[in-house]
Amino acid sequence: MTVTEPLQYIGGARRSGSGAPLTILAPATGAEIATGAGANAADVETAVAAAQDAFPGWAAHTPGARSDLMHEWARVLRSRAAEFAALESRNAGKPIRLTTEFDVPGTIDNTAFFAGAARHLEGKASAEYSGDHTSSIRREPLGVIGSIAPWNYPLQMAAWKILPAVAAGNTVVLKPSELTPLTSLLFAETADAAGLPPGVVNVLTGTGADAGQHLVEHPAVAMVSFTGSTAVGRQVAATAAGAVKRVHLELGGKAPFVVFDDADLEAAARGAVAGALINAGQDCTAATRAYVQRPLFEEFVGRVAALMDRVRLGPVDDPETDMGSLISRSHRDKVAAMVERARESGAKIVRGGRIPEHVPESGAFYEPTLITGAAQDSEIVQQEIFGPVLVVLPFDTDDEALALANDTPYGLAASAWSRDVFRTQRASREIRAGCVWINDHIPIVSEMPHGGYKSSGFGKDMSAYAFEEYTNIKHVMSDITGAARKLWHEVVFRAE
Ligand code: NDP
């Protein structure tokens, strides 16, 4: 059943937008979930004004008071976990097992982590570095943060953007993807239910053109935090540069998965299937390019193919379903077209490469796909696919493997598989990516940062490092001599 609902959350209340109508779909069935008016420039004005009004009061809360409210927020989320999991599954086409065991617990853990971290903003020790002054560091919130998020992990992306910002004393206007706003709206509602003041967390549902661009341009937005594609990230950075605004960019990825000849082959094959197919491959850190040392190559491909055959596609509310739908039929067609071009250029499609038959035609499913025989410089190896597609290529030497792993414009994540500590140490040192897993691929923890190198962007989500993004560091230098005449003045003038 489609419900018409206000799709904006501003100043502690749900509101209707003033922009064009939007229809929110369930990607796995094509059914309409909700309709409502999208946000436009006028709504951006209202939301930024609400965040501006809330800022001084929120920034004046002690860290302990902010922490208490965020702990309460985590408690509210825990009590509504099943509701979040069902809504995220429906709106993003994810299997209910994934949202129940990954998206929602991850978000709750993040909230609890930042509740604690709010009391641990760090800086250099105050001291008399000059001898004549006491120097100290203040770490101050920036003001209103404009956050823009993609559709692949709507709830987790909302959490990654909002939590460090508000823990540090900022207020936020988040624009989720207009395809998947429902759990972001609920996340904002739970913030207020937990007692965070109205206007600290605001959500605008609208398109990039109608709402995102205005949010980035808005003069009262002190910083823009963007997660999305490298192409849009580039535009966002260019717009923000015009106003000399701080930007945080978490962009695309093309993670290599390097299997050396002494690796545990079964562990690597299982890791590759899980790493490539999580969230139907719509994961910026998904394993997309497996480089396998030649003696293991055939065996690895065989094991991965056999495991892919066992992955169950089906209704997303069925706990037996392993892999859900892609986000939309148009995105599914983009993935299919990339696989087709790989086939035409001579690559072998070992598994998948098709739209499955036994799932709803109105959904956006695509079979787990395994490809060999692609050239390193081909599109399927170089460009982000964002679908359930793993390409496997052979290598001969360690030098070659590390060079191939680094040979794309991206640098978000990577993994290396070996029982030899010197090999894995070298891989972790030489692969240029924000995260290198050793003998695993995908796990994340709230305490550790997530962020890219190269065209995957800059800045860190999660962990205490995220405070670097959402705070200004101020040096306060206080004279302790009380003297009118100071020695250093003599470098400028010597009046008696
Ligand atoms: P897009 O870059 O297309 O969109 C991201 C967000 O930006 C959406 O909310 C979009 O709105 C908005 N947007 C579009 N144009 C503008 C604009 N001119 N100004 C401001 N905002 C704008 O990415 P997708 O939503 O397609 O998400 C997939 C991408 O996200 C992949 O490349 C993936 O790698 C990346 N990603 C990166 C992660 C990381 O941590 N590095 C994590 C997760 C995903 P609208 O949808 O309405 O156009």
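Residues numbered from 1 in each chain as written. Predicted model: local features only at pLDDT ≥ 70, side-chain atom pairs only at ≥ 80, totals over all residues. Heavy atoms only, no water.

Considering the domain arrangement of the protein chain
(1) Moving on: For the protein chain, the assigned domains read domain 1 (8-251 + 456-476) and domain 2 (255-438).
(2) Moving on: Between domain 1 and domain 2, the contact holds 24 residues from the first and 29 residues from the second.
(3) Moving on: Together domain 1 and domain 2 conceal approximately 2,000 Å² of surface at their shared face, both sides included; 56% is due to carbon and sulfur atoms.
(4) Moving on: Three residues, R97, W151 and S456, lead the burial of domain 1 against domain 2; their summed loss comes to 26% of the area buried on that side.
(5) Moving on: Counting across the interface, domain 1 meets domain 2 through 1 salt bridge.
(6) Moving on: For the salt bridge of R97 with D322, the shortest nitrogen-to-oxygen distance reads 2.9 Å.
(7) Moving on: Where domain 1 meets domain 2, there are 14 residue pairs in polar contact (both at pLDDT 80 or more).
(8) Moving on: Breaking the side of domain 1 that touches domain 2 down by element, the ones donating at least two residues are helix 3 (81-92) and helix 4 (96-117).
(9) Moving on: The biggest single contributor to the side of domain 1 that touches domain 2 is helix 4, with 4 residues.
(10) Moving on: Class assignment of the residues belonging to the side of domain 1 that touches domain 2 gives a composition of 11 nonpolar, 9 polar and 4 charged. (Domains from an automatic or database assignment. Contact = heavy atoms within 4.5 Å. Buried area = accessible area lost by both parts, 1.4 Å probe. Salt bridge = Lys/Arg side-chain N within 4 Å of Asp/Glu carboxyl O. Polar contact = N/O pair within 3.5 Å; in protein donor to acceptor, adjacent residues only side chain to side chain. Helix = DSSP H or I, 4+ residues; strand = E, 2+ residues; numbered from the N terminus. Nonpolar A, V, L, I, M, F, W, Y, C, P; charged D, E, K, R; others polar.)

Here we look at the site of the ligand
(1) Moving on: Residues in contact with the ligand amount to 32 residues; listed here are only the nearest, E178, S229, L251, E384 and H450.
(2) Moving on: S229 has a polar side-chain atom sitting 2.6 Å from an oxygen atom of the ligand.
(3) Moving on: Between the ligand and the protein, one listed contact pairs a nitrogen atom with a side-chain N or O atom of Q235 at 3.2 Å.
(4) Moving on: Relative to its free-state accessible area of 900 Å², the ligand is covered by the protein chains to the extent of 87%.
(5) Moving on: When contributions to the shell around the ligand are tallied by element, the ones reaching two or more residues are helix 7 (208-217), strand 10 (221-227) and helix 8 (230-242).
(6) Moving on: Residues lining the shell around the ligand come from more than one domain, with at least three contributed by each of domain 1 (8-251 + 456-476) and domain 2 (255-438). (Near = heavy atom within 4 Å. Areas by Shrake-Rupley, 256 points an atom, 1.4 Å probe, with all protein chains shown as cover.)

Looking at the UniProt feature "domain: Aldehyde dehydrogenase" (unreviewed entry) in the protein chain
(1) Moving on: When the UniProt feature table is mapped onto this chain, "domain: Aldehyde dehydrogenase" (unreviewed entry) is found at residues 22-476.
(2) Moving on: Overall, residues 22-476 shows 42% helix and 20% strand. The separation of its end C-alpha atoms is 49 Å. (UniProt positions renumbered as here; feature names shortened; annotations may be inferred.)

Digging into the side chain of S463
(1) Moving on: Summarising the element assignment, S463 is placed in the loop between strand 21 (457-458) and helix 15 (466-470).
(2) Moving on: Of the residues examined, S463 reaches a relative accessible area of 0% and is grouped as buried.
(3) Moving on: The contacts of S463, once residues within four sequence positions are left out, are F113, F114, S446, E447, M448 and P449. (Buried < 20%, exposed > 50% of the residue type's maximum accessible area, 1.4 Å probe, protein only.)

Looking at unusual backbone geometry
(1) Moving on: Despite not being glycine, N439 shows a phi value in the positive range, around 55°.
(2) Moving on: Position of N439 relative to the elements: it lies in the loop between strand 19 (435-438) and strand 20 (453-454).
(3) Moving on: Under the relative-accessibility criterion, N439 is labelled partly exposed at 38%.
(4) Moving on: Phi at M462 is positive, roughly 60°, even though this residue is not glycine.
(5) Moving on: Structurally, M462 can be placed in the loop between strand 21 and helix 15.

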